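Residues per chain, in single letters:
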Amino acid sequence: MSPLHTFTALDFETAQGKRHSICQIGMVLVENHRIVDRFSVLVKPPDNFYSYHNTLVHGISAETTRNSPNFAQVWPHIRGYIADQNLVAHNSAFDVSCLQQTLAYYRLTVPEFRAHCTYKIYGQKLDRLCADHGIKLQHHDALSDATACARLFILHQQKIQSLHQV
């Protein structure tokens, strides 16, 4: 596997058990192993409905997103970070599913992208990995989770690159 020099790390927080209920998006653009852009936005989920459990996890509530845009309104601003890109997430199966189900909910086309998973690479929870690697984390804040994921993937890519140089 050759190293990826450009990718978007992303994380979604959801308002409830339905994966189309994205309430926060965190995205980090990486070029040549350097973070060059970050993006975070609160999103009003369908009907602005939250489960108590999810709010306990991330602290976001209906009051928090009452005046936020919905996903369809945010999509034009983030599509370029996703379409035809390498996407990296911790437990990418969850985040990719959230993206696909939310796009379907709003009847938006799912673009092509290549998904990579730091959980599959490292086999540990994000908070544990961050503690082990000295990466600052405010767990379940989408931008913090995406930034941590980006840093972990950069470490992985640098390891691959060093192996190719041997």
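Attention here is on the structure that accompanies the text. (Residues numbered from 1 in each chain as written. Predicted model: local features only at pLDDT ≥ 70, side-chain atom pairs only at ≥ 80, totals over all residues. Heavy atoms only, no water.)

Applying the stated criterion across every chain yields a total of 2 salt bridges. Note that E63 and R66 form a salt bridge whose closest N and O atoms lie 3.0 Å from each other. We classify E63 as exposed; its relative accessible area is 52%. Given the relative accessible area of 44%, R66 is considered partly exposed. (Salt bridge = Lys/Arg side-chain N within 4 Å of Asp/Glu carboxyl O. Buried < 20%, exposed > 50% of the residue type's maximum accessible area, 1.4 Å probe, protein only.)

Our next topic: the side chain of H90. Relative to the helices and strands, H90 resides in the loop between β4 (86-89) and α4 (92-105). Here Y119 takes part through its backbone nitrogen, which lies 3.3 Å from a polar atom of the side chain of H90. In this structure the side chain of H90 is engaged in a polar contact, spanning 3.3 Å, whose partner is the backbone nitrogen of L126. If near-sequence neighbours (up to four positions away) are discounted, H90 is found in contact with D95, T118, Y119, Q124, K125, L126, L129 and C149. (Helix = DSSP H or I, 4+ residues; strand = E, 2+ residues; numbered from the N terminus. Polar contact = N/O pair within 3.5 Å; in protein donor to acceptor, adjacent residues only side chain to side chain. Contact = heavy atoms within 4.5 Å.)

A word on unusual backbone geometry. Glycine aside, negative phi is the norm for most residues, and most peptide bonds take the trans geometry. Its identity as a non-glycine residue notwithstanding, N48 has a phi of 50 degrees, on the positive side. Judged by relative accessible area, which is 16%, N48 ranks as buried. A positive phi angle is found at D84, which is not glycine, with a value near 60 degrees.

Reading across from one edge, β3-β2-β1-β4-β5 is the order of the 5 strands in this open sheet, with mixed pairing throughout. If you trace the sheet from one side to the other, it starts and ends with β3 (34-42) and β5 (114-117), each paired once. Taken pair by pair, the neighbouring strands of this sheet meet at an average axis angle of 25 degrees, ignoring direction. Bridge count for strand β1 (residues 6-14) against β4 is 2 bridges, and the pairing is parallel. (Pairing = 2+ DSSP bridges. Axes fitted to C-alpha atoms, helices over the stretch in contact; angles between N-to-C directions.)

Per the stated rule, a full pass over the model turns up 5 aromatic pairs. Here the aromatic rings of F71 and W75 are separated by 5.8 Å at their centres, their planes lie at 25 degrees, and the arrangement is stacked. Here W75 and F71 lie together in helix α3 (residues 71-82), a separation of 4 residues that amounts to about one turn. Here F71 and W75 have matching classes, each one buried. A ring pair is formed by Y105 and Y106, whose centres lie 4.9 Å apart and whose planes are at 80 degrees; its orientation type is edge-to-face. (Phe/Tyr/Trp six-rings, centres within 6.5 Å; stacked < 30°, edge-to-face > 60°.)

Once that is clear, we can look at the pairing of strand β2 (residues 22-31). With 9 of 10 residues buried, β2 lies mostly within the body of the structure. In this structure, β2 lies alongside β3, joined through 8 bridges in antiparallel fashion. Across the sheet, V30 pairs through a bridge with I35, a residue of β3. Here β2 folds back onto β3 in antiparallel fashion, the turn holding 2 residues, of which N32 has a positive phi close to 50 degrees.

Interpretation note: all reported values are geometric properties and have no functional meaning in isolation.
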